[in-house]
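# Close look at the chain arrangement
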Amino acid sequence: EVQEEWRAQKKDKKIIVSHDTIIWRLQGGRSCQQANSENHAWLTPEEEENIVAYLLDLAARGFPLTHKTLKLHVETLLCARLGEAFPETGVGHNWTDHFATHHT
């Protein structure tokens, strides 16, 4: 049933999902994307929420979101939390694009 619903969402493309994967997910197991996000993300979920709230506040005050503003704010936060562990190069070149896409 779950597999059929997923196929319908993917516009009837032939998708094969392992029975073990379906059982794992139904029992609350994480997807690979969730695991990677939790284990390799720069920001904690709370920090993401705070940054989104900050950006919405800026927009409400008439300040447009720019990638430069987002990058500066995120890197300031990460430098404060990670100190020397945060690379001098900052977040990656496409990081702000991915963040914006994820939160729109």
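Now for a quick tour of the structure. Treat the numbers as computed from the prediction; the structure is a model and nothing was measured.

About the cut-offs
Residues numbered from 1 in each chain as written. Predicted model: local features only at pLDDT ≥ 70, side-chain atom pairs only at ≥ 80, totals over all residues. Heavy atoms only, no water. Helix = DSSP H or I, 4+ residues; strand = E, 2+ residues; numbered from the N terminus. Buried < 20%, exposed > 50% of the residue type's maximum accessible area, 1.4 Å probe, protein only. Contact = heavy atoms within 4.5 Å. Areas by Shrake-Rupley, 256 points an atom, 1.4 Å probe, with all protein chains shown as cover. Core = buried A, V, L, I, M, F, W, Y, C linked by side-chain atoms within 4.5 Å. Salt bridge = Lys/Arg side-chain N within 4 Å of Asp/Glu carboxyl O. Expected span 1.5 Å × (residues − 1). Arc of directions from axis to C-beta. Axes fitted to C-alpha atoms, helices over the stretch in contact; angles between N-to-C directions. Parallel < 35°, antiparallel > 145°, perpendicular 65-115°, else oblique. Nonpolar A, V, L, I, M, F, W, Y, C, P; charged D, E, K, R; others polar.

## Here we look at the overall build of the protein
Scanning the protein from terminus to terminus reveals six helices and zero strands. Starting at the N terminus and walking to the C terminus, you meet the elements of the protein as α-α-α-α-α-α. Within the span of the protein, comprising 104 residues, buried residues form 21% of the whole. Across the protein, contacts joining residues at least 24 apart in sequence account for 48% of those joining residues at least 6 apart. Summing over all exposed atoms, the protein offers an accessible surface of approximately 8,500 Å²; the carbon and sulfur share of this is 55%.

## Digging into the nonpolar core
Membership of the largest hydrophobic core is limited to 11 residues, which are Leu43, Ile51, Leu55, Leu58, Leu70, Val74, Leu78, Phe86, Val91, Trp95 and Phe99. Secondary-structure elements contributing two or more residues to this core are helix H4 (45-60), helix H5 (67-82) and helix H6 (95-102). Discounting chain neighbours no more than four positions away, the residues touching Leu43 are Glu48, Ile51, Val74, Leu77, Leu78, Arg81, Trp95 and Phe99.

## Things to note about the pattern of salt bridges
Under the criterion given, the structure shown has three salt bridges. Salt-bridge contacts for Asp57 lead to Arg61; the nearest nitrogen and oxygen are separated by 3.1 Å. Lys71 is the partner of Glu75 in a salt bridge, and the nearest nitrogen-oxygen pair spans 2.5 Å. Taken together, the positions of Glu75 and Lys71, both in helix H5 and four residues apart, correspond to about one turn of that helix. On the basis of relative accessible area, Glu75 is assigned to the buried category, the value being 17%. Taking the relative accessible area as the measure of exposure, Lys71 reaches 28% and is therefore partly exposed.

## Observations concerning H5
In a regular helix each residue adds 1.5 Å, so 16 residues correspond to 22 Å; H5 covers 21 Å between its end C-alpha atoms and thus fits that length. Regarding H5, the residues found buried are Leu70, Val74, Glu75 and Leu78. Axial view of H5: buried residues confined to an arc of 120 degrees, hence all on one face. Within H5, the exposed residues directed more than 90 degrees away from the buried face are Lys68, Leu72 and Ala80. If you follow the buried residues of H5, they end up packed against H4 and H6.

## What about the packing of H5 against H6?
Remark: H5 packs on H6, axes separated minimally by 10 Å, with the N-to-C direction vectors making an angle of 100 degrees. The angle between the axes of H5 and H6 places the two elements in the roughly perpendicular class. Contact with H5, carried on its side by His67, Leu70, Lys71 and Val74, involves Trp95, Thr96, Asp97 and Phe99 of H6 and no other residues of that element. When grouped by side-chain class, the residues that make up the contact of H5 with H6 number four nonpolar, two polar and two charged.

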